[in-house]
Amino acid sequence: MPFYRCVVPKDSVSYDQRAAVAKAFTDIHCGNTGAPRSFVHVVFDEADDRWETPFFLDGGNRAGRSEEVKAELLNDLMSAFREITGVAEADFSGRITEGPASWTMEGGMVLPEPGEETAEWYEHDLQGQAAAGG
């Protein structure tokens with residue numbers, strides 16, 4: 001379950017910008033990892049003065065991807081956020097932390113390790129999307 005928490009100052013990011021960021025983050029995560037779109041979660045937390053920079057991306061993903069994929073993912077997410085919101089590079093920082101796939105459950109199934117996804121696992125996700133109207 002990729003989870004991206006965007007910490008922003010109060011009233012600094014419009015709802016249209018939030019929607020655009022959520023779509024961009026989903027596109028980027030799925031494009032870089034092959035994960036199902038329904039697994040990507042993006043939330044915004046309005047919290048002034050909690051980080052060194054006014055804007056902060058706090059992401060969490062399954063462990064097991066290459067350093068290259070992780071670096072590209074973080075760079076692409078940060079670039080998209082800045083492009084959509086107009087936030088200066090100096091005002092935005094972020095990180096992505098990782099945990100074992102076995103620590104995460106989505107749609108009633110423990111996530112497989114990256115690269116070990118099966119047809120059954122993807123089919124279960126598609127059934128979940130259909131039941132949810134997605």
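This text goes with the structure placed above it.
Residues numbered from 1 in each chain as written. Predicted model: local features only at pLDDT ≥ 70, side-chain atom pairs only at ≥ 80, totals over all residues. Heavy atoms only, no water.

**A short note on empty space enclosed by the protein**
And step 1. Under the criterion given, the structure shown has two cavities of 30 Å³ or more.
And step 2. Here the largest cavity defines a volume of roughly 60 Å³.
And step 3. Lining the largest cavity are 11 residues, with Met1, Pro2, His29, Arg62 and Arg65 sitting closest to its centre.
And step 4. Class assignment of the residues belonging to the lining of the largest cavity gives a composition of seven nonpolar, two polar and two charged.
And step 5. Considering the residues around the second largest cavity, the lining is formed by Asn61, Arg62, Arg65, Lys70, Leu73, Ile96 and Glu98.
And step 6. Counting residues per element, the ones that place at least two in the lining of the second largest cavity are strand S3 (55–62), helix H2 (67–85) and strand S4 (92–99).
And step 7. Class assignment for the residues of the lining of the second largest cavity results in two nonpolar, one polar and four charged. (1 Å grid on protein atoms, 1.4 Å probe; cavity = no way out; pocket = protein on both sides within 12 Å on 5 of 7 lines; lining within 4 Å. Points joined across faces, edges and corners; volume = space filled by probe spheres on them. Nonpolar A, V, L, I, M, F, W, Y, C, P; charged D, E, K, R; others polar. Helix = DSSP H or I, 4+ residues; strand = E, 2+ residues; numbered from the N terminus.)

**Considering the sheet that holds S4**
And step 1. Spatially, S2-S1-S3-S4 is the arrangement adopted by the four strands of the open sheet, whose pairing is mixed. Each edge of the open sheet is held by one strand with a lone partner, namely strand S2 (41–46) and S4. Strand-to-strand twist across the sheet, computed as the mean angle between neighbouring axes with direction ignored, equals 15 degrees.
And step 2. Pairing between strand S1 (residues 3–8) and S3: five bridges, direction antiparallel. Each bridged residue has a counterpart across the sheet, and for arginine 5 the counterpart in S3 is aspartate 58. (Pairing = 2+ DSSP bridges. Axes fitted to C-alpha atoms, helices over the stretch in contact; angles between N-to-C directions.)

**Focus: the side chain of arginine 5**
And step 1. For arginine 5, the position within the fold is in strand S1.
And step 2. By relative accessible area, arginine 5 is classed as buried at 18%.
And step 3. Polar contacts involving the side chain of arginine 5 include one to the side chain of aspartate 45, which spans 2.6 Å. (Buried < 20%, exposed > 50% of the residue type's maximum accessible area, 1.4 Å probe, protein only. Polar contact = N/O pair within 3.5 Å; in protein donor to acceptor, adjacent residues only side chain to side chain.)

**Here we look at the packing of aromatic side chains**
And step 1. Counted by the stated rule, this structure contains three aromatic pairs.
And step 2. Geometrically, the ring pair formed by phenylalanine 55 and phenylalanine 81 is tilted, given 6.2 Å between the ring centres and 55 degrees between the ring planes. Of this pair, phenylalanine 55 sits in strand S3 while phenylalanine 81 sits in helix H2, placing them 26 residues apart in sequence. Each member of the pair phenylalanine 55 and phenylalanine 81 is classed as buried. (Phe/Tyr/Trp six-rings, centres within 6.5 Å; stacked < 30°, edge-to-face > 60°.)

**Here's the deal with the environment of aspartate 48**
And step 1. Mapping aspartate 48 onto the fold places it in the loop between S2 and S3.
And step 2. On the accessibility criterion, aspartate 48 (47% relative accessible area) is partly exposed.
And step 3. Along the backbone, aspartate 48 and proline 9 are 39 residues apart, and their C-alpha atoms lie at a distance of 4.9 Å.
And step 4. Contact partners of aspartate 48, with chain neighbours within four places excluded, come to Pro9 and Lys10. (Contact = heavy atoms within 4.5 Å.)

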